Amino acid sequence: MKSAVVTGASSGIGAASARALAAAGYHVICAARRLDRLNDLASEIKGTAIECDITDASQVANLAAQVGPTLNVLVNNAGGALGADPVIEGDPEQWRRMYDINVIGTMQVTKALAPALIASGAGTIINIGSTAGRWAYEGGGGYTAVKHALAVVTETLRLELNGQPVRVSEIAPGMVHTEEFSLVRLGDQSKADAVYAGVAEPLLAEDIADAVQWVATRPQHVNVDLMIVKPIAQAAAHKVHRES
Ligand code: NAP
């Protein structure tokens, strides 16, 4: 049976991706910090739950040890935004934390699992970037910077793994209405709700999970470098149609 690791599988896009890969026949190893949520998901999809803070090298080493010698798919999804301040009002701690999770955490997990992906003879790495990794927007400061960094790391990885049996993709979503993303970012439910106010149909976690499943299940010689997915209401990061 093919295997997959999904980081940040305790909510949102990660949980939906774990379900989508399980439906496609993968044994899914679900990783995140909140083990209770992972346990529920793992029993639902007959997968495995592993508590792992991707910014902690020893927990990442434990994840790799439990994954074993081969792995087919790695979805580096754990990440997110903290704050929406203008650059000249930015909080250095929030910027450092975002870099730690979105970039260094992704690098640590990729480094730890690369031997198993290579050993499978047919590996796939899917990094969940963002349209924030392609275009700037006001108040995006720290988040746009880390997702731009992740996009470049993804491109670099593809170059460096050339000749190995591992393909490397980035899926870059626009606005996805997940339960926690904007709440974690803004720290307040009413501010989080305002992000999606009047938007007829933001993307759902399942829309991105569908893209993850599609990318993972193409024939192994097909490398989808970059998939940008936005809701029809979002023509650009800053141009969102809202119904009043
Ligand atoms: P979410 O519901 O807040 O999910 C974030 C996930 O990351 C959670 O499962 C969280 O689990 C995990 N996580 C956070 N810090 C972690 C750490 N240090 N170690 C391990 N896991 C950690 O957000 P989402 O909307 O599904 O977003 C998922 C990904 O898509 C993120 O990379 C985000 O930047 C990206 N994205 C989201 C949107 C959007 O509009 N929602 C758009 C573009 C891109 P624990 O708290 O249990 O650890």
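Let me begin by describing the structure that accompanies this report. (Residues numbered from 1 in each chain as written. Predicted model: local features only at pLDDT ≥ 70, side-chain atom pairs only at ≥ 80, totals over all residues. Heavy atoms only, no water.)

Structural notes on the site of the ligand
- Lining the immediate surroundings of the ligand are 30 residues, of which Ser10, Arg33, Asn77, Tyr143 and Thr178 lie closest.
- Contact distances for the ligand include 3.0 Å between an oxygen atom and a backbone N or O atom of Gly8.
- One of the side-chain N or O atoms of Ser10 is found 2.7 Å from an oxygen atom in the ligand.
- When the ligand sits alone it has 880 Å² of accessible area, and the protein chains cover 95% of it.
- Of all the secondary structure elements, the ones that give two or more residues to the shell around the ligand are helix 1 (12-23), helix 4 (92-119) and helix 5 (141-160).
- Here the residues of the shell around the ligand sort into twelve nonpolar, twelve polar and six charged. (Near = heavy atom within 4 Å. Polar contact = N/O pair within 3.5 Å; in protein donor to acceptor, adjacent residues only side chain to side chain. Areas by Shrake-Rupley, 256 points an atom, 1.4 Å probe, with all protein chains shown as cover. Helix = DSSP H or I, 4+ residues; strand = E, 2+ residues; numbered from the N terminus. Nonpolar A, V, L, I, M, F, W, Y, C, P; charged D, E, K, R; others polar.)

Re the pairing of strand 5 (residues 123-128)
- Burial runs high along strand 5: six of the six residues are buried.
- Alternating residues of strand 5 divide into Gly123, Ile125 and Asn127 and Thr124, Ile126 and Ile128, and every residue in both groups is buried.
- When strand 4 (residues 73-76) meets strand 5, the two strands line up parallel, connected through four bridges. Directly across from Leu74, in strand 5, lies its bridge partner Ile125.
- In this view, the connection linking strand 4 to its parallel neighbour strand 5 by way of helix 4 has right-handed handedness.
- The pairing of strand 5 with strand 6 (residues 166-173) spans six bridges and is parallel. Across the sheet, residue Ile128 finds its bridge partner in strand 6, namely Ile171.
- You can see the chain leave strand 5, run along helix 5 and come back into strand 6, and the turn it takes is right-handed. (Buried < 20%, exposed > 50% of the residue type's maximum accessible area, 1.4 Å probe, protein only. Pairing = 2+ DSSP bridges. Right-handed = clockwise from strand over helix to strand, strands pointing away.)

Observations regarding a nonpolar patch on the surface
- Together, Val87, Ile88 and Trp95 make up a nonpolar patch on the protein surface, roughly 350 Å² of accessible area in all.
- Along the chain, Val87 turns up in the loop between strand 4 and helix 4.
- Val87 gets classed as exposed once you look at its relative accessible area, which sits at 57%. (Patch = residues over 30% accessible without salt bridge, like charges linked within 9 Å, V, L, I, M, F, W, Y side chains within 5 Å. Salt bridge = Lys/Arg side-chain N within 4 Å of Asp/Glu carboxyl O.)

Re the sheet that holds strand 6
- Spatially, the seven strands line up as an open sheet ordered 3-2-1-4-5-6-7, and their pairing is parallel. Edge strands, defined here as strands with exactly one partner in the open sheet, are strand 3 (48-51) and strand 7 (226-229). Taken over all neighbouring pairs, the strand axes of this sheet differ in orientation by 15° on average, direction set aside.
- Those strands touched by helix 1 are strand 1 (3-7), strand 2 (27-32) and strand 4, and its axis lies near 170° from that of strand 1.
- Seen against the sheet, helix 4 touches strand 1, strand 4, strand 5 and strand 6 and runs at an angle of roughly 175° to strand 4. (Axes fitted to C-alpha atoms, helices over the stretch in contact; angles between N-to-C directions. Contact = heavy atoms within 4.5 Å.)

Observations concerning the packing of helix 3 (residues 57-67) against helix 4
- Running from amino to carboxyl end, helix 3 crosses helix 4 at an angle of 35°, the nearest separation of the two axes being 9 Å. Between helix 3 and helix 4 the crossing geometry is right-handed. In contact with Ala57, Val60, Leu63, Ala64 and Val67 of helix 3, helix 4 contributes Gln108, Val109, Ala112 and Leu113.
- Of the residues in the contact of helix 3 with helix 4, the class split is eight nonpolar, one polar and no charged. (Left-handed = near helix turned anticlockwise from the far one by under 90°.)

Focus: the nonpolar core
- With 33 residues, the main nonpolar core has Leu21, Val28, Cys30, Ile171, Ile208 and Val212 as its most contacted residues.
- Breaking this core down by element, the ones donating at least two residues are strand 1, helix 1, strand 2, helix 2 (35-45), strand 4, strand 5, helix 8 (205-216) and strand 7.
- The element best represented in this core is helix 8, accounting for seven residues.
- Beyond its immediate sequence surroundings of up to four residues, Val28 is in contact with Ala4, Val6, Ala18, Leu21, Ala22, Ile45, Gly47 and Thr48.
- Of all hydrophobic cores here, the second largest spans 23 residues; its members include Leu71, Ala78, Val109 and Leu117. (Core = buried A, V, L, I, M, F, W, Y, C linked by side-chain atoms within 4.5 Å.)

Comments concerning the side chain of Thr144
- In this structure, Thr144 sits in helix 5.
- Overall, the relative accessible area of 9% leaves Thr144 in the buried class.
- In this structure, Thr144 is in contact with Ala132, Gly133, Trp135, Ala136 and Tyr137, ignoring residues within four places of it in sequence.

Section: helix 1
- Look at helix 1: 17 Å from first C-alpha to last across twelve residues, which is about the 16 Å you get at 1.5 Å a residue.
- Among all positions of helix 1, only Ile13, Gly14, Ala15, Ala16, Ser17, Ala18, Ala20 and Leu21 are buried.
- Residues of helix 1 that are buried sit in contact with strand 1, strand 2, helix 2, strand 4 and helix 8.
- Following helix 1 by one or two positions, Gly25 has its phi on the positive side, about 100°. (Expected span 1.5 Å × (residues − 1).)

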